[in-house]
Every structure is written in structure tokens, then in C-alpha cells.
Amino acid sequence: GSERDTLAASTFFREALRDDPNNLDLIDRAFVAALANGNMAEAVSLAPRVIAHDKNNGLAHLTRGVDLFKNRRYAAARTEFAKGGGERRQALAAAL
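In what follows, the accompanying structure is described. Everything quoted here is computed from the prediction, not taken from an experiment.

## A few points about the nonpolar core
Counting residues in each nonpolar core, the largest one holds 16 residues, and the members touching the most others are Phe13, Leu17, Phe31 and Ala60. Broken down by secondary-structure element, the contributors of at least two residues to this core are helix H1 (6-19), helix H2 (24-36) and helix H3 (40-53). The element that contributes the greatest number of residues to this core is H2, accounting for six residues. When near neighbours in sequence (up to four residues on either side) are disregarded, Phe13 contacts Leu26, Arg29, Ala30 and Ala33.

## Observations concerning helix H4 (residues 58-70)
Given a rise of 1.5 Å per residue, 13 residues ought to cover 18 Å, and the 18 Å separating the end C-alpha atoms of H4 matches this to within 8%. Turning to H4, its buried residues number three or more, namely Gly58, Ala60, His61, Thr63, Gly65 and Leu68. Its side-chain oxygen 3.1 Å from the backbone nitrogen of Leu59, Asn57 forms the N-cap of H4. One or two positions beyond H4, positive phi appears at Arg72, with a value near 60°.

## Quick word on unusual backbone geometry
The phi torsion at Arg72 lies on the positive side, around 60°, for a residue other than glycine. Along the chain, Arg72 turns up in the loop between H4 and helix H5 (74-82).

Definitions and limits used
- Residues numbered from 1 in each chain as written.
- Predicted model: local features only at pLDDT ≥ 70, side-chain atom pairs only at ≥ 80, totals over all residues.
- Heavy atoms only, no water.
- Core = buried A, V, L, I, M, F, W, Y, C linked by side-chain atoms within 4.5 Å.
- Buried < 20%, exposed > 50% of the residue type's maximum accessible area, 1.4 Å probe, protein only.
- Helix = DSSP H or I, 4+ residues; strand = E, 2+ residues; numbered from the N terminus.
- Contact = heavy atoms within 4.5 Å.
- Expected span 1.5 Å × (residues − 1).
- Polar contact = N/O pair within 3.5 Å; in protein donor to acceptor, adjacent residues only side chain to side chain.

These results come straight from atomic positions and should not be treated as a statement about function.
See the structure below:
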């Protein structure tokens, strides 16, 4: 991660998570690394696990919302976008 090698980080955290699947820190890091590497399928699969222990994780809700939107489930996407993040969600939207 500190090397900014997103592929290596994503691979490392995914493999580490296989050995320790209930490690909350590894779940979070694997999720962020997958996003940073552009691996949306992996990030989407990890987002519910992040939300399970961090209900207000705006990035995980945003990830789920984008996936729902992509699959034309607009009402569900809108609901997901409204969850978590609060001011961080507004800051993220402004940055985007």
C-alpha cells in the first residue's frame, strides 16, 4: 500500500483475507485495495462485509449503490447512496 502498487496490495490483502477471513482490518484493507486497483467485482463482494461491522462506511455504501445503479436497480441504489457517510458523502460528491 505504501508503495502505491495497487495490484500488489490488492493481491496481498485478498490472500491474507483467505487465511484470516474474520479479520476486520483485513476486510477493510482488502476492500479499499480492490477499489484502488479498479477491481469492482471484488470490491462489490467485500462491501457487505465492511458494512456488517461499519454500518456508516460511506465508501462501502457508495460501492453498493454504484453496483445497484449499474444493474438498473435505481430505487435500491438511491437508498444505498443515502446510507452512511453524512458530511463525508457530501465531500466525496464535491470532489467527484
